[in-house]
Amino acid sequence: MTGKEERLRTNVAIIKTEHLSHLYSAGTPFEKAAIEDVSVEIEPGEFIGVIGHTGSGKSTLIQHFNGLLQPTSGKIYVDGKDIWDEKNKKNIRDVRFQVGLVFQYPEYQLFEETVYKDIAFGPGNMGLSKEEIHTRVMEAMDFVGLKGKYAEKSPFDLSGGQKRRVAIAGVIAMRPKVLILDEPTAGLDPKGRDKILGQIREYHQQTGSTVLLVSHSMEDIAKYAEKVLVMNHAKVFDYDTVERVFSKNEELTRMGLSVPQVSKVFHQLRAAGYPVSENVYTVDQAEADILRLLKAKGGAGRA
Amino acid sequence: MLRDITIGQYFPGKSVIHRMDPRMKLILSIAYIVMLFCVGNEAGFLIPVIFLIAAIWISKIPFIMVLKGVKPILPLIIFTAVLNIFFVTGEPLVKLGFITITVDGIIVALKMVIRIIFLIMGTSLLTYTTSPIALTDAIEQLLRPLNKIHFPVHEMAMMMTIALRFIPTLIEETDKIMSAQKARGADMESGGLMQRAKALVPILIPLFISAFRRAEELALAMECRCYRGGEGRTRMRQLHYSSLDWYGAAVMAVCFAGVILLNIFVPAFV
Amino acid sequence: MKDLILAEHLHFEYVREEEENILVLNDIDVSIHQGEFVAILGHNGSGKSTLAKHFNAVLLPTSGRVLVDGVDTADQEHLFDIRQKVGMVFQNPDNQIVATIVEEDVAFALENLGVEPEEIRRRVDEALKTVDMYEFKEHAPHQLSGGQKQRIAIAGVIAMRPECVVLDEPTAMLDPKGRREVLRTVMELNRDYGTTVALITHYMDEAVHADRVIVVDHGDVVITGTPREIFSQVEKMKELGLDVPQVTELCYRLKQEGAPVPDDVITEDECTAALEQLLA
């Protein structure tokens, strides 16, 4: 952990925004701010959860991170470079290779005849050599747990969960410094959800790249992320460690986010005067905390 | 950017024109177009022109909006006008080398321009004041006699309804797929014609697949809601002609009579 | 209580050309009683959607039979009676709305059934009020949120006045707010209007509200019982690739550790009460 903190301190932000705003239908009576005055810094190697209700601006924000949307005002730096600067503007496509974005329901963008070719689309657009593309496709397929035999299959013959993993591999294969996933588990069953999130964590740990995970599930975010960015009404409501953000339980509930069941239970327990800890979102944390209290009480424990 | 496109623009309102039965509006629009082409002399144009301006004024649709409908076909209008000016023979007005411009040419061209512009404005007024679904209903009902010759009137109307329903959905979808492929470095803005056409493949294939999937699911949902074609089907919304419609028809009849009378009694210029 | 839907030895395979048929449902016996709220669980590919599609004759059994209110679904003569009696709502709200105006869409089924215009008007208004979408009746569907669209789809079905509504993962594509809206609507439908509900879902917090849970795996019904009975089998549920509510899992684990907590906790309040007792 200390080694990591050191690394965080010495590196410049991989993504940094300054007073970023984006207006839709600017200059018309329908003008509406999708994001307003957003200033955040994302350090290399972090795993960040992004939450916010539908329409809070989180989707608009992440599309600024890879240069798909151009801000109405404000600046955005990727790896220290102002991406909309006059001289960088022409190479906006390069930003997309550095910051890989996996959209919601990404399986609906598959189009090639084989899984291999589809994953190779991104690296191919980067103008890499055949050998390099091959290495990357294989590596990406490994990360998402698709064995070699899938390479020559048609992506349309796969199951829903597999299709989605092919689509994620298509972005990983570009070896982006930052990987952003917009609700990668939407519509999956619990098993499929755990599998994909597990693979994303593995990818994060092995490559050390920055990961942004957009999710409605505070449970998932509590399980996987180190920091949380909360969007609300086009603005950043909070951007801090998981512990500190989720301690604002009531405010988050009021925003229409669903707080994990155990957090609600622990909240009730605290309100009733029990010395349970404040920051509990996962069953693991809850179990450990209750056992700690039981031990302190000197009773139960392992009977 | 795709989201800005609006198709079958409709401006909801409560004016007399809005409240007319869509069938009558459709019939009157057709009669109006016929009238435009029946006009035989210059003075006669005053009638359809005044008729339309009055209709626009009553509908409370901004005049500029109606004019905007003409914009896309402006090149066509200019083209026909130029053709007429240069190629209609008659008494020469100006002679420039091999080009002769005749008075007749100018008059014919002017008539043509007025006809096309007012035709477009008239149909724009129809779509601006009638919701697409009402228009579909009107077409279905007016074409109903064609059922006798086994023309699938109901199916056609259902197709129109579904198309109208899915246009916004598919536009949004196209937008999303384009963004997703751009995020994988797809380059859609540069290169020659061939390259650009090739760049469309990653967009069109997912779009088609998704459209088919939607069609399949929609068909299933329709089946579950007891859809079985037009036979025995009733409609919640019933169309009724009101006195308003007969009033409109009467005005149109008077205008038409006026045009015919002018044609007979007032000699044309050309 | 009367069986509204009854499947007996239900067997279903997808027929494929040149390849072996795929067995999807294997000898299922299941019934849904009049007025109950049943949740159907199972991981993707377990066959639960296929099962649901047999409830209103969208699919017909390869062998065995399904009775809806005593009528065999294979009986083509009663096809539309069956579909009117058992309405169906699907996952993707966008792909089940036919018309460009909300109220026209709700009227769709009634128009197909040849109901008189005034009666359609009455029932459409009533259905829209039931799902709390009356003020949106003149909106275009694409202006609505996912949860609102799904409620319109429900209105379009309940306008037929069905005895039973089958919902195939209606909340899978919705955000938490939309999920809450739809779940509330479904629960009200069952509680206040007595409509029988079969809800297929991945979300255990939705299944908790059901009277009975049916778990499907590999094309067969593996467990049925009250949510309490089902979720207390934590190990079994995990084996089947399903979740249990967080609170159930917490109490289960604490019990494993030897703490004296009940093992059939399924709601937050029960969990709080159990823990209070434990820590007191």
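Residues numbered from 1 in each chain as written. Chains lettered and ligands numbered in written order. Predicted model: local features only at pLDDT ≥ 70, side-chain atom pairs only at ≥ 80, totals over all residues. Heavy atoms only, no water.

1. Observations concerning the overall build of chain A
Inference 1: The helix and strand tally for chain A stands at 13 helices and 11 strands.
Inference 2: Computed over its C-alpha atoms, the radius of gyration of chain A comes to 21 Å, within 12% of the 19 Å expected for a compact globule of 303 residues.
Inference 3: On the principal axes, the C-alpha backbone points of chain A span a range of 65 × 55 × 40 Å.
Inference 4: Expressed as a percentage of the 303 residues in chain A, the buried residues total 54%. (Helix = DSSP H or I, 4+ residues; strand = E, 2+ residues; numbered from the N terminus. Rg over C-alpha atoms; globule rule 2.2 N^0.38 Å. Buried < 20%, exposed > 50% of the residue type's maximum accessible area, 1.4 Å probe, protein only.)

2. Points about the sheet that holds strand β5 (residues 71-72) of chain C
All names here are of chain C.
Inference 1: Strands sit in the order β2-β1-β4-β5 across an open sheet of 4 strands; the sheet is antiparallel. Each edge of the sheet is formed by a strand with only one pairing partner; in this case those strands are β2 (22-33) and β5.
Inference 2: Relative to β2, strand β1 (residues 3-14) is paired through 8 bridges, and the arrangement is antiparallel. Its bridge partner lying in β2, F12 is registered against L25. (Pairing = 2+ DSSP bridges.)

3. Some thoughts on the packing of aromatic side chains
Inference 1: Inspection of every chain in the model, using the stated rule, returns 9 aromatic pairs over all chains.
Inference 2: Their ring planes at 15° and their centres at 6.1 Å tell us that Y105 of chain A and Y108 of chain A sit as a pair that is stacked.
Inference 3: Ring geometry for F11 of chain B against Y128 of chain B: centres 5.0 Å apart, planes inclined by 85°, an arrangement best described as edge-to-face. Taken as a pair, F11 of chain B in the segment before α1 (16-19) and Y128 of chain B in helix α6 (residues 103-129) lie far apart in primary sequence, 117 residues in all. (Phe/Tyr/Trp six-rings, centres within 6.5 Å; stacked < 30°, edge-to-face > 60°.)

4. Points about the nonpolar core
Residues and elements named next belong to chain C.
Inference 1: Ranked by size, the top nonpolar core spans 53 residues in total, and within it L41, I154, V215, F231 and M237 carry the most contacts.
Inference 2: Top element by residues in this core is helix α5 (residues 146-158). It accounts for 6 residues.
Inference 3: Once you skip the residues sitting within four places of it in the chain, V215 turns out to touch L41, D220, V221, V222, I223, I230, M237, L240 and L242. (Core = buried A, V, L, I, M, F, W, Y, C linked by side-chain atoms within 4.5 Å. Contact = heavy atoms within 4.5 Å.)

5. Notes on the pattern of salt bridges
Inference 1: Applying the stated criterion to the full structure yields 52 salt bridges over all chains.
Inference 2: In this structure, the salt-bridge partner of D85 of chain A is K87 of chain A, at a minimum N-O distance of 3.8 Å.
Inference 3: Close ionic contact of D94 of chain C with K149 of chain C constitutes a salt bridge, the shortest N to O distance being 3.0 Å. In this pair, D94 of chain C is assigned in the loop between β6 (86-89) and α3 (102-112) and K149 of chain C in helix α5, connecting sequence segments 55 residues apart. Here D94 of chain C matches K149 of chain C in class, with each residue buried.
Inference 4: A single network of salt bridges, built from pairs that share partners, joins D137, E140, R233, R235 and R237 of chain B together with E104 and E111 of chain C. (Salt bridge = Lys/Arg side-chain N within 4 Å of Asp/Glu carboxyl O.)

6. A look at the domain arrangement of chain A
Quite often, the size of an interface is put as the accessible area lost when its parts meet.
All names here are of chain A.
Inference 1: Annotation of chain A at the domain level lists domain 1 (3-259) and domain 2 (260-303).
Inference 2: Each of domain 1 and domain 2 has a C-alpha centre, and the two are 34 Å apart.
Inference 3: Contacts between the two partners involve 12 residues from domain 1 and, on the opposite side, 9 residues from domain 2.
Inference 4: Area buried by domain 1 at its contact with domain 2 is led by E243, N249 and V259, which between them contribute 46% of it.
Inference 5: Across the domain 1-domain 2 interface, the total number found is 0 salt bridges.
Inference 6: Summed over the shared surface of domain 1 and domain 2, the result is 2 residue pairs in polar contact (both at pLDDT 80 or more). (Domains from an automatic or database assignment. Buried area = accessible area lost by both parts, 1.4 Å probe. Polar contact = N/O pair within 3.5 Å; in protein donor to acceptor, adjacent residues only side chain to side chain.)

7. Quick word on the interface of chain A and chain C
Inference 1: On the chain C side, the residues contacting the 37 residues of chain A number 32 residues.
Inference 2: Interface area, chain A with chain C, both sides summed: about 3200 Å², of which 57% is carbon and sulfur.
Inference 3: Taken together, the connections running from chain A to chain C amount to 4 salt bridges.
Inference 4: The closest approach of N and O atoms between R253 of chain C and E287 of chain A, which form a salt bridge, is 2.9 Å.
Inference 5: Where chain A packs against chain C, one counts 12 residue pairs in polar contact (both at pLDDT 80 or more).

8. A few points about the sheet that holds strand β8 (residues 178-182) of chain A
Residues and elements named next belong to chain A.
Inference 1: Strand order across the open sheet formed by 6 strands is β7-β8-β9-β4-β10-β11, with mixed pairing between neighbours. A strand with exactly one partner marks an edge of an open sheet, and here the two such strands are β7 (99-102) and β11 (235-241). Between one strand and the next, the sheet's axes are offset by a mean angle of 15°, whatever the strand orientation.
Inference 2: With 4 bridges joining them, strand β4 (residues 47-51) and strand β9 (residues 210-214) adopt parallel strand pairing. (Axes fitted to C-alpha atoms, helices over the stretch in contact; angles between N-to-C directions.)

9. Considering the side chain of D289 of chain A
All names here are of chain A.
Inference 1: Looking at the element boundaries, D289 is found in helix α13 (residues 283-297).
Inference 2: A residue is classified by how much of its surface remains accessible, and D289, at 6% relative accessible area, is buried.
Inference 3: With residues up to four places along the chain from it excluded, the contact list for D289 reads F266, V276 and S277.

10. Observations regarding the interface of chain C and chain B
Inference 1: Residue-level contacts link 38 residues of chain C with 29 residues of chain B.
Inference 2: Taken together, the two surfaces of chain C and chain B that pack against each other cover about 3100 Å², and 58% of this comes from carbon and sulfur.
Inference 3: Remark: the boundary between chain C and chain B carries 7 salt bridges.
Inference 4: Its salt-bridge partner being R233 of chain B, residue E111 of chain C comes within 3.0 Å of it at the nearest N-O pair.
Inference 5: Along the contact surface separating chain C from chain B lie 17 residue pairs in polar contact (both at pLDDT 80 or more).
Inference 6: Those elements giving two or more residues to the side of chain C that touches chain B turn out to be α2 (79-85), α3 and α4 (117-130) of chain C.
Inference 7: Considering each element in turn, the side of chain C that touches chain B owes the most residues, 10 residues, to α3 of chain C.

11. A look at the pairing of strand β1 (residues 15-24) of chain A
Residues and elements named next belong to chain A.
Inference 1: For β1 and strand β5 (residues 73-78), the ladder comprises 5 bridges, and the chain directions are antiparallel. Each bridged residue has a counterpart across the sheet, and for K16 the counterpart in β5 is Y77.
Inference 2: Where β1 lies against strand β3 (residues 41-42), 2 bridges are found, and the strand directions are antiparallel. Residue pairing across strands places K16 opposite E41, the latter belonging to β3.
Inference 3: As judged from the 4 bridges shared by β1 and strand β2 (residues 32-38), these two strands associate in the antiparallel manner. In the sheet register, L20 faces β2, and the bridge partner there is V38.

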